[in-house]
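Letter by letter, the chains look like this.
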Amino acid sequence: MEYKLRDQESSHLQHLTYELAEECSQILLQQLLTDKINSRLPPSEVHCIETLCQAIPAICKELVQKQLSIPQALQRYCKRNLALEYAELEVFINRHGRLIQGWQKNSFAGYLQLCQSGVMLVREQSYKDFGKTNRPLSEPA
């Protein structure tokens with residue numbers, strides 16, 4: 001009886017974790033949607049960030065069900081979804097120093113940090129561009 005109760009509790013917690021991962025993905029994708037319009041980042045880099053955010057629920061499930069590392073889970077995601085090649089994502093992450101820290105943690109929390117940093121990168125590039133284009137030429141910078 002006790003084993004059954006623990007199994008139900010574990011299953012419930014697993015389900016909640018998946019729901020939270022889905023919500024986190026949706027929130028980051030929504031933030032990205034609003035900022036990518038004015039971004040100075042190349043569209044291919046914005047697409048990398050978008051792919052990383054879209055993969056959050058799948059990465060979560062892979063980590064829980066198959067107990068894979070983050071790179072292994074992301075490789076499986078790329079193979080199944082054909083969104084991008086894993087190598088492209090790895091090159092992108094290594095190109096931007098702020099993303100490396102989250103990636104090197106090799107944990108789900110680190111992966112979420114990587115995605116958040118990517119979204120912030122797009123946001124910062126958008127605001128810089130937006131601020132420069134809306135300032136009259138006669139005003140000092």
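Here the structure is shown first, and the text comes after it.
Thresholds, definitions, all that
Residues numbered from 1 in each chain as written. Predicted model: local features only at pLDDT ≥ 70, side-chain atom pairs only at ≥ 80, totals over all residues. Heavy atoms only, no water. Axes fitted to C-alpha atoms, helices over the stretch in contact; angles between N-to-C directions. Helix = DSSP H or I, 4+ residues; strand = E, 2+ residues; numbered from the N terminus. Parallel < 35°, antiparallel > 145°, perpendicular 65-115°, else oblique. Left-handed = near helix turned anticlockwise from the far one by under 90°. Contact = heavy atoms within 4.5 Å. Nonpolar A, V, L, I, M, F, W, Y, C, P; charged D, E, K, R; others polar. Salt bridge = Lys/Arg side-chain N within 4 Å of Asp/Glu carboxyl O. Buried < 20%, exposed > 50% of the residue type's maximum accessible area, 1.4 Å probe, protein only. Polar contact = N/O pair within 3.5 Å; in protein donor to acceptor, adjacent residues only side chain to side chain. Arc of directions from axis to C-beta.

Draft legend 1. Examining the packing of helix 1 (residues 2–36) against helix 3 (residues 56–65) more closely. Their axes nearest at 8 Å, the elements helix 1 and helix 3 cross at an angle of 155°. Classified by the angle their axes make, helix 1 and helix 3 are roughly antiparallel. The interaxial crossing formed by helix 1 with helix 3 has right-handed handedness. For the pair formed by helix 1 and helix 3, the contact residues are Q14, T17, Y18, A21, E22, C24, S25 and L28 on the first element and I56, P57, C60, K61, V64 and Q65 on the second. Class assignment of the residues belonging to the contact of helix 1 with helix 3 gives a composition of 8 nonpolar, 4 polar and 2 charged.

Draft legend 2. The pattern of salt bridges, seen in detail. The tally for this structure, following the rule as stated, stands at 6 salt bridges. Notably, a salt bridge pairs E124 with R98, separated by 2.6 Å at the nearest N-O pair. Here the residue E124 occupies a position in helix 7 (residues 108–133), and R98 occupies one in helix 6 (residues 97–104), the gap between them amounting to 26 residues. Classification of E124 as partly exposed rests on a relative accessible area of 31%. Put simply, E62, R76 and R80 are held in one network by salt bridges that share partners.

Draft legend 3. Molecular detail of the environment of R40. On the secondary structure map, R40 appears in the loop between helix 1 and helix 2 (43–54). Remark: the alpha-carbon pair of R40 and S126, spanning 86 residues in sequence, is separated by 6.3 Å. Polar contacts involving the side chain of R40 include one to the side chain of Q125, which spans 3.5 Å.

Draft legend 4. Examining the environment of D35 more closely. You can see D35 is positioned in helix 1. You can call D35 buried: its relative accessible area is 6%. Separated by 84 residues in the primary sequence, D35 and V119 place their C-alpha atoms 8.3 Å from one another. Among the polar contacts listed, one links the side chain of D35 to the side chain of R123, at a separation of 2.8 Å.

Draft legend 5. Spatial organisation of helix 6. All of the buried residues in helix 6 are L99, G102 and W103. Take helix 6 and look down its axis: the buried residues cluster within an arc of 100°, on one side only. Those residues of helix 6 that are exposed and angled more than 90 degrees off the buried face are G97 and Q104. Once helix 6 finishes, N106 follows within two positions and takes phi at roughly 50°, a positive value.

It is worth stressing that arrangement in space is one thing and function is another; only the former is reported here.
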